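The chain contents come next:
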Amino acid sequence: MKIEGSLESESGRPSSKRSRKRRRRAGSMPALVQRLFETCKEVFADGRAGSVPSPEDVDRLRFILDNMDASDVGLSQNMPYFWNTEPQGTPPITYLHVYECDLFSIGIFCLPPSGVIPLHNHPGMTVFSKLLFGSMHIKSYDWVDVPKYSSDVINPAHSVQSPGVSLAKVKTDAIFTAPCDTSILYPADGGNMHCFTARTSCAVLDVLGPPYSDPEGRHCTYYNDFPYASFPGAAVLVPGEGEGYAWLEEREKPDDFVVFGAKYRGPRIMER
C-alpha cells in the first residue's frame, strides 16, 4: 500500500518518560511489542514468499497478539488519528510504521469512524491482524481455482472494459469488536483478499511476512467485487445460487483511499 508522507522507525529514538515508567513497572519483563518483534524474527526467518509458518509458530505469534491492546503500543482512542474531520466522503487513515525488514513488517492502521481499507490482496504472505480497540466490519475472500474470464462475460452494467475477473469464495463477512481473537490469513487461504470498514474509531496491528515488495513482485492489488449472479453463464461453475461466491475484478487504487504515515511513539523496539 502506498503511504503518503514519510515513515520513521523508532530505532535510535530516546525513550520517553512514559515508556521508561512502563518498563520499570514491568520489571525485567520486556514490552509485548519487543516480544512480538523477537518472535517475528524467528517465525519469519525463512523469508520466502509463499512459505507458511508452522502451526506451532503461528500459535506463538497469535498468543502474543491476542494479549495485546492499544496501551501496549502507546495508543488511545482520543488521539487525533481517530478523529473523522471529513464532513463527506471517506476519511483518511493513518499508518504507524513500527518496524520493517526484508522478512517481515509490523505496523498499525488507525481508522476514524467510517474509514475504509478497500479490498486488496497479500501475495505470498502470511498476515496477522489484531484489532486493538473499536469495531469494524471485515469481508474477505479466497480464490476459487477456475480459469480467469475475459471482459466479454462481465455484466455491461458493471463494466464495459474489464481486464478480466476471477471467481472467489467468501471467507469472512462479519463485524468484529475488540477484544477479539487475532485474524490470520495465508497465501492461499484464510481470506487473502480483505476489506476493512470501521464502524467506530479503531486500530489494527498488522504483521506481514514477508512484506509487500515491488522489486520482488509482491504488489498490492485492489479489487471490485460483484455478486456471483452478475455474470452470464456462470451457473455451471458453482451449484445452486452461488451464495458465498463473488467475482473479483482488478482495479486501480481508489482515489478516495488516502493513508498518511506518522511516527510510531509507543514502546521502542531494540534490535539485538
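Placed above this text is the structure.
To keep things clear, this report deals only with the structure shown in the data block. Since we're looking at a predicted model, the values are computed, not measured.

**Observations concerning helix α3 (residues 55-66)**
Piece 1. Along its twelve residues, α3 runs 16 Å from first to last C-alpha, staying within 8% of the 16 Å computed at 1.5 Å per residue.
Piece 2. All of the buried residues along α3 are Asp57, Val58, Leu61, Ile64 and Leu65. Viewed along the axis of α3, the buried residues span an arc of 130°, placing them on a single side of the element. Those residues of α3 that are exposed and angled more than 90 degrees off the buried face are Pro55, Glu56 and Phe63.
Piece 3. Buried residues along α3 sit against α2 (32-43), β4 (126-133), β7 (183-185) and β9 (202-209).

**A few points about the packing of α2 against α3**
Piece 1. At a minimum axis distance of 10 Å, the contact between α2 and α3 shows a crossing angle of 165°. It follows that α2 is roughly antiparallel to α3 by the angle criterion. As for the relative orientation of α2 and α3, their crossing is left-handed in sense. Mapping the contact onto sequence places Leu32, Arg35, Leu36, Thr39, Cys40, Glu42 and Val43 in α2 and Asp57, Arg60, Leu61, Phe63, Ile64 and Leu65 in α3.
Piece 2. Of the residues belonging to the contact of α2 with α3, the class tally is eight nonpolar, one polar and four charged.

**Overview of the packing of aromatic side chains**
Piece 1. Per the counting criterion, the structure on display carries twelve aromatic pairs.
Piece 2. Seen from their ring centres, phenylalanine 37 and tyrosine 99 are 4.8 Å apart, and the 70° between their planes marks the pair as edge-to-face. With phenylalanine 37 in helix α2 and tyrosine 99 in strand β1 (residues 93-100), the pair connects residues that are 62 residues apart, well separated along the chain.
Piece 3. For phenylalanine 37, a relative accessible area of 1% corresponds to the buried category.
Piece 4. When its relative accessible area of 10% is taken as the criterion, tyrosine 99 is described as buried.
Piece 5. Ring pairs connect the aromatic residues Phe37, Phe44, Tyr99, Phe104 and Phe128, which therefore count as one cluster.

**Some points on the sheet that holds β1**
Piece 1. Read across the sheet, six strands follow the order β7-β4-β9-β2-β1-β12 without closing on themselves; strand pairing throughout is mixed. Two strands lie at the open edges of the sheet, namely β7 and β12 (259-263), each paired on one side alone. Pairs of neighbouring strands in the sheet enclose a mean axial angle of 25°, with direction left out of account.
Piece 2. Two elements, β4 and β9, share seven bridges in a ladder whose sense is antiparallel. Across the sheet, the residue bridging to lysine 130 is leucine 205, located in β9.
Piece 3. The sheet contacts of α3 involve β4, β7 and β9, and relative to β4 the element is tilted by about 15°.

**Considerations on the nonpolar core**
Piece 1. Among the nonpolar cores identified, the biggest contains 33 residues, and Leu36, Met68, Leu75 and Ile108 are the most heavily contacted of them.
Piece 2. Elements that contribute at least two residues to this core include exactly α2, α3, β1, β2 (105-111), β4 and β9.
Piece 3. Setting aside chain neighbours within four positions, we find leucine 36 in contact with Leu61, Ile64, Leu65, Met68, Ile106, Leu205 and Val207.
Piece 4. Formed by 22 residues, the second largest nonpolar core is a distinct cluster that contains Tyr95, Phe109, Met136 and Tyr212.

Calculation notes
Residues numbered from 1 in each chain as written. Predicted model: local features only at pLDDT ≥ 70, side-chain atom pairs only at ≥ 80, totals over all residues. Heavy atoms only, no water. Helix = DSSP H or I, 4+ residues; strand = E, 2+ residues; numbered from the N terminus. Expected span 1.5 Å × (residues − 1). Buried < 20%, exposed > 50% of the residue type's maximum accessible area, 1.4 Å probe, protein only. Arc of directions from axis to C-beta. Contact = heavy atoms within 4.5 Å. Axes fitted to C-alpha atoms, helices over the stretch in contact; angles between N-to-C directions. Parallel < 35°, antiparallel > 145°, perpendicular 65-115°, else oblique. Left-handed = near helix turned anticlockwise from the far one by under 90°. Nonpolar A, V, L, I, M, F, W, Y, C, P; charged D, E, K, R; others polar. Phe/Tyr/Trp six-rings, centres within 6.5 Å; stacked < 30°, edge-to-face > 60°. Pairing = 2+ DSSP bridges. Core = buried A, V, L, I, M, F, W, Y, C linked by side-chain atoms within 4.5 Å.

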